[in-house]
Structure formats: structure tokens, C-alpha cells
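One-letter residues, chain by chain:
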Amino acid sequence: MNRNCNIELLEKYFDNELTKDEKLLVEDHLKSCLICQYHLKSIERLGEMIKRPVDEATEGEDFSLLWNKIERQLKPRVKPWETIISLLDISYIFKKRVLIPAIATTAIILLVLIPLIYKKDTSISNRSVVEYVESKTHNIMIYESEKDKITVIWLFEEKMRESPNS
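Residues numbered from 1 in each chain as written. Predicted model: local features only at pLDDT ≥ 70, side-chain atom pairs only at ≥ 80, totals over all residues. Heavy atoms only, no water.

K.L.:
Explain the pattern of salt bridges to me, please; I cannot follow it from the model alone.
P.N.:
Under the defined criterion, the tally for this structure stands at three salt bridges. Among the ionic pairs, Lys-12 bridges to Glu-8, the shortest N-O distance being 4.0 Å. Within this pair, Lys-12 and its partner Glu-8 are both found in helix H1 (residues 7-14), separated by four residues, close to a single helical turn. Classification of Lys-12 by relative accessible area gives partly exposed; the value is 33%. Residues Lys-51 and Asp-55 are paired through a salt bridge, measuring 3.2 Å at the closest nitrogen-oxygen approach. In this pair, Lys-51 and Asp-55 are both assigned in helix H3 (residues 34-59), four residues apart and thus about one turn of the helix distant. (Salt bridge = Lys/Arg side-chain N within 4 Å of Asp/Glu carboxyl O. Helix = DSSP H or I, 4+ residues; strand = E, 2+ residues; numbered from the N terminus. Buried < 20%, exposed > 50% of the residue type's maximum accessible area, 1.4 Å probe, protein only.)

In C-alpha cells, the structure reads:
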């Protein structure tokens, strides 16, 4: 290394932090100095070694969430009472002409559907069920009414005789 060599100037050259005159001076020096060429190559390799893992780590990352957070911090703060007033303000509905028919349509649909959903079912079954069970000693008839929730059981002590006409 001779006295014209300046590592600090070489690092600034690599980082593009030199003026035009300084840059020309370093480039002229690099043409003739093998030691500075070697140092520049070392700086370049070091930069590659640092840059490669960073590039690989950031390659698949999505920085949109981070950027959104930064943007929120940059925006001026809104006072809470202004936010409440803006939420209560419904004048924006009337500014958007598409919203009025949409709200009207929704209201009509709700007015039609709500009675159908909450309609009281008046068709309670008036059905009754009668079962007849025969045995060798007794016959039993069971009557069940679904509407009144009544069950009646008849026990016949004698077996019922069938009429000859049937």
C-alpha cells in the first residue's frame, strides 16, 4: 500500500458517496494500484455476503401490513368526538344515489319475510289415533288426541264378538 491509497475513500467509492472529482481520482488510482483493487474486491464480496441473506429473507415477505401501519402513523390524529359525529352522520347515504334503492329494497324484503318467519303455526294437528289390541282374555282400545294431549284406555273384559254380517 502506498501513500496515495485511502481505504476510507475506497469505501465511499463503493457506496457512491464521492463527488465527481473524488470519483475520478479513485478510478485513476485503481487502474494502477493492485492493493486497492484487491480491497475493492474484498468490499464487494463483503457486500454480497451481507446482501444475499437479506435478499433471501425478504424475498417472500409481504411488507404491505408494515406499510399500512406506517401510513396510519403518518396520518393526522382524529379526535374521538369527530369520529363519533362522522359515524352518526347519515348524509352520505343520500349523496350516494345507489344506496337509497338498495336500502328501500332491503326494507321491503324484510317487511315481507318477517311475518312469514314469525307466523304462528295455527295448523296444530287435530288428528286422533285409535289403536285396538286383541288378546285371548281381554281386548284393549287406546285413544290418543294430539291436540288436547289426552290418552284414554278402554279395557274390555270379554272378547268382542264379530257380527255375522261382517
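K.L.:
Explain the environment of His-138 here, please?
P.N.:
With respect to the secondary-structure elements, His-138 resides in the loop between strand S1 (128-134) and strand S2 (139-145). Through-space distance from the C-alpha of His-138 to that of Leu-155 is 6.9 Å; in sequence the pair is 17 residues apart.

K.L.:
Before we go on, may I ask you to explain the state of the cysteines in this structure?
P.N.:
Here is the idea: a disulfide is a covalent bond, and it sits between the sulfur atoms of two cysteines. A full pass over the atoms with the stated rule returns zero disulfides. Counting only cysteine sulfurs, Cys-5 is the nearest neighbor of Cys-33, a cysteine outside any disulfide, at a range of 3.5 Å. The class of Cys-33 is buried, set by a relative accessible area of 7%. (Disulfide = S-S within 2.5 Å.)

K.L.:
Can you help me understand the sheet that holds strand S3 (residues 150-156) in this one?
P.N.:
Adjacent strands of a sheet pair through backbone hydrogen bonds, lying either parallel or antiparallel. Strand order across the open sheet formed by three strands is S1-S2-S3, with antiparallel pairing between neighbours. Edge positions in the sheet fall to S1 and S3, since each has one partner strand and no second. Within the sheet, the average angular offset between the axes of one strand and its neighbour, ignoring direction, is 10°. For S1 and S2, the ladder comprises seven bridges, and the chain directions are antiparallel. Residue pairing for S2: Tyr-132 is matched across the bridge by Met-141. (Pairing = 2+ DSSP bridges. Axes fitted to C-alpha atoms, helices over the stretch in contact; angles between N-to-C directions.)

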